[in-house]
Amino acid sequence: MVKLQTPLPELITDPATIGALIQETRKQGKTIGLVPTMGALHDGHLSLVKASTAQCDFTVVTIFVNPTQFTDKNDLTDYPRDLQSDMDKLAGWEVRFVFAPTAEDIYPHDHVTSVHVGPLEKIVEGRCRPGHFSGVATVLAKLFQIIPADIAFFGCKDYQQLKVVERVVQDLNVPIKVHGCPTIRDEDGLALSSRNVFLSQEQRQQALSIPKALKLAERRIEEGETDARTIVADMRRELSRSGALHIDYALLADAETLKPTRTVKGPTVALIAVRVGSTRLIDNQVMMP
Ligand code: PAF
């Protein structure tokens, strides 16, 4: 991606300070774009930054590894963290502020309130990771308060997360527009993810069956297949080819509610989660029959 020669983003760690800076920016009549991340930035995140700078006067990137959305404590401990490298990656992308608070700043010891998103937090990915989407919804509700932006940018790769955010914003009357950006893939088709760094060469090859299975589902629907069980069986066969993946789920769901699809009629999403060794990968493909 082409970078511009622009000033370095300013690193802010204190919620009150970023709040005051955002107030000031709003008084100047500037529009603010928010890109929430957990760091370990890659081109997928940078595509969100690019969308934000194209649509808003000021862009704020948050970097916060949110403990409440991790169901597995080892996953939280092992999550890649390198603030300096993230700051370097953001240089030249017209990002005005990077907000990187501590866990204590976001969750003081007396913090007790959390956000729940009904059935949406319990299905598909939520079934594998109980509490995950409540953690995501809670931290985003807090970030939207601290940084009252005009538009918040999210990747469609975390499809259920995008639906959760849309729900939170609608149900809590948060005056922010949610913008979903397309999944960015490597040339071989693997969706970019901060977790890809954990894959060996061999595991990466095995992981390529994920985009292949999604493409296959898309093709089967284009060919006129409407029986979800048949399509899912094809997806699972493709995923099982390498023999080394553990399939957490491979399914078709309604693209809006994420309820399971039996017969493909309207907008449908194919959702996959697999484990390759100890690395868990998710991906999806939205399809319009
Ligand atoms: O997608 C992520 O990186 C996180 O889930 C998010 C949206 C920053 C919330 O912690």
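Note that the coordinates shown come from a computational prediction; the quantities given were computed from them, not determined experimentally. (Residues numbered from 1 in each chain as written. Predicted model: local features only at pLDDT ≥ 70, side-chain atom pairs only at ≥ 80, totals over all residues. Heavy atoms only, no water.)

Draft legend 1. Representation of the site of the ligand in the model. Inspection of the region around the ligand gives Pro 36, Thr 37, Met 38, Asn 66, Gln 69, Val 139, Phe 154, Asp 158 and Gln 161 as its neighbouring residues. Within the side chain of Gln 69, one N or O atom sits 2.6 Å away from an oxygen atom of the ligand. A distance of 2.6 Å separates an oxygen atom of the ligand from a polar atom in the side chain of Gln 161. Surface burial for the ligand is 89%, taken as the share of its 290 Å² of free accessible area covered by protein chains. Residues that form the shell around the ligand fall into these classes: four nonpolar, four polar and one charged. (Near = heavy atom within 4 Å. Polar contact = N/O pair within 3.5 Å; in protein donor to acceptor, adjacent residues only side chain to side chain. Areas by Shrake-Rupley, 256 points an atom, 1.4 Å probe, with all protein chains shown as cover. Nonpolar A, V, L, I, M, F, W, Y, C, P; charged D, E, K, R; others polar.)

Draft legend 2. Highlighting the sheet that holds strand 5 (residues 151–155). Strand order in the open sheet formed by six strands is 1-4-3-2-5-6, with parallel pairing between adjacent strands. Both outer strands of the open sheet, strand 1 (10–12) and strand 6 (177–181), are each paired with one neighbouring strand and no more. Sheet twist, expressed as the average angle between the axes of neighbouring strands with direction ignored, equals 25°. Note: strand 2 (residues 32–37) against strand 5, two bridges, orientation parallel. Opposite Leu 34, over in strand 5, you have Ala 152 as the bridge partner. Of the strands in this sheet, strand 2, strand 3 (58–63), strand 5 and strand 6 are in contact with helix 2 (residues 43–55), which crosses strand 5 at around 155°. Most of the contacts of helix 8 (residues 159–171) go to strand 6, to which it runs at about 170°, and overall it touches strand 5 and strand 6. (Pairing = 2+ DSSP bridges. Helix = DSSP H or I, 4+ residues; strand = E, 2+ residues; numbered from the N terminus. Axes fitted to C-alpha atoms, helices over the stretch in contact; angles between N-to-C directions. Contact = heavy atoms within 4.5 Å.)

Draft legend 3. A look at the pattern of salt bridges. With the rule as written, the count across this model stands at 21 salt bridges. The shortest N-O distance in the salt bridge between Glu 10 and Arg 96 comes to 3.5 Å. Note that Glu 10 is positioned in strand 1 and Arg 96 in the loop between helix 4 (83–90) and strand 4 (97–99), a separation of 86 residues in sequence. With a relative accessible area of 35%, Glu 10 lands in the partly exposed category. When its relative accessible area of 34% is taken as the criterion, Arg 96 is described as partly exposed. Glu 238 is the partner of Arg 241 in a salt bridge, and the nearest nitrogen-oxygen pair spans 3.3 Å. Judged by relative accessible area, Arg 241 falls into the exposed class, the value being 66%. Taken together, the shared-partner salt bridges connect Glu 125, Arg 129, Asp 248, Arg 275 and Arg 280 into one network. (Salt bridge = Lys/Arg side-chain N within 4 Å of Asp/Glu carboxyl O. Buried < 20%, exposed > 50% of the residue type's maximum accessible area, 1.4 Å probe, protein only.)

Any functional reading would require information that these geometric values do not contain.
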